[in-house]
Every structure is written in C-alpha cells, then in structure tokens.
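Structure at a glance
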Amino acid sequence: YLQRAEKSIDRMIGIIDDLESISHLETGELELEFEKFDLSTLTKDVIESQELNATQRGVMVTLNTVGDPIYVSADKFRVRQVLVNLIVNSIKYGKEYGETKVKLSGVGDNIIVEIADNGIGIGNKHLPRLFERFYRVDKSRSRDIGGTGLGLAIVKHIIEAHGQTISVMSTESVGTVFTFTLKKG
C-alpha cells in the first residue's frame, strides 16, 4: 500500500513540476540562459542516461552527426529537457527490439535535430493536437506507460522560446520522426 502511495505521490510531484514549467513557458516568465555548447556531446550524454531504459526494451539508440563538435547557442538545461523527453518517448512508444535514430545536421544558420523511431506511429487525426497539454493518443496505454501528458507541450514551448520550430511526421505501424532546429553557435 505504501509503495503504491509513494508512486502516486511521485506522479503528482511530476505533474506539479511540469505544470509549473509550462506555466512559466506560456507566460514568458521563463528566461532562457543562452550559451554556446556542443550539441553532439549533450546528445550522447542523454542517450547514455537512457541506456538502461533502451536495453530493457531491446531498443538500439544511435547517433548520426555531421561531425564533432556541433556548437549551438541555446539554453543547455532546456535543450537537455527536450532531448530527454523526445528520446524517452521514442523508447517508450517505439517497437520493442526496435531502433531510435538521432541525427544532427546543419542547414544555413541552424542545426536540425531529428529523432526517429520505427514504432507504433501516430494516426493523422492525432498529429494536429499532439503538442497540446494533457493530450494523449492512446489514453489507456499512456496510463500504463506513465507520464503526465505535458511533455510534448513543454518541448514545443521550449523550442519556440528559442525562436525555433518543431514538427512531427508519423505513419501508423511504421514510426515517428520529431524534427526541431537550434541556432548554430
């Protein structure tokens, strides 16, 4: 009973933290701390931090870059938050014994980040609402897997606060690709 209560409390704390973050992002109260940093090193760190989760599901996470280092000018803490959210989702909703591919490439003044999986995909009717607060594609499955339903809304606000864009492409039973940009450093 106490273990179940602890899980519920931890879930509520997570929801409150996410609500506080999204509130600050939506009202513009959150001030980003821009710095120049190596995005490929940060991405490798995030992938390493999720290695246990990936291994438990048999998911291979790979990183493809145009070279090292890849400098961006952004809020490192917030970019880490974006990468963690998207990579965790890719592992959770990707195919068991599947693959998550992270690709960093440059175009003009921007670095393009793609996070692709070969998982269950998302139906077209869900894509326009995917970045809304508390929106879940499969409510029963999402409840079992966990999460607050705020992650993608927070990701979108963080990327937009950087003056950049994020998009998603998905095909059911084929996989999903999230793409966002950051300013080169």
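Structure first, text after, so check above.
Read on for an overview of the structure. Just so we're clear, the structure is a prediction, and the values are computed from it rather than from any experiment.

About the cut-offs
- Residues numbered from 1 in each chain as written.
- Predicted model: local features only at pLDDT ≥ 70, side-chain atom pairs only at ≥ 80, totals over all residues.
- Heavy atoms only, no water.
- Pairing = 2+ DSSP bridges.
- Helix = DSSP H or I, 4+ residues; strand = E, 2+ residues; numbered from the N terminus.
- Axes fitted to C-alpha atoms, helices over the stretch in contact; angles between N-to-C directions.
- Contact = heavy atoms within 4.5 Å.
- Parallel < 35°, antiparallel > 145°, perpendicular 65-115°, else oblique.
- Left-handed = near helix turned anticlockwise from the far one by under 90°.
- Nonpolar A, V, L, I, M, F, W, Y, C, P; charged D, E, K, R; others polar.

1. Notes on the sheet that holds strand 7 (residues 175–183)
Ordered in space as 2-4-5-7-6, the five strands form an open sheet in which the pairing is mixed. Edge positions in the open sheet fall to strand 2 (60–65) and strand 6 (166–171), since each of these has one partner strand only. Direction aside, neighbouring strands of the sheet carry axes that sit 15° apart on average. Summarising the sheet, strand 4 (residues 99–107) and strand 5 (residues 110–117) pair through eight bridges and their orientation is antiparallel. Note on strand 5: the bridge partner recorded for Val107 is Asn110. Helix 2 (residues 39–49) rests against strand 2, strand 4, strand 5 and strand 7 of the sheet, and its axis sits at about 175° to strand 2. Set on the sheet, helix 6 (residues 151–161) makes contact with strand 6 and strand 7; between it and strand 7 the angle comes to about 30°.

2. Overview of the packing of helix 1 (residues 2–27) against helix 6
Two packed helices can be described by the angle between their axes and the distance between those axes. Where helix 1 contacts helix 6, the axes come no closer than 10 Å and their chain directions differ by 30°. Comparing their axes, helix 6 and helix 1 come out roughly parallel. Of the two possible hands of crossing, helix 1 and helix 6 adopt the one that is left-handed. Residues Asp18, Ser21, Ile22, Leu25 and Glu26 of helix 1 lie in contact with helix 6, whose contacting residues are Ala153, Ile154, His157 and Ile158. Tallied by class, residues from the contact of helix 1 with helix 6 come to five nonpolar, two polar and two charged.

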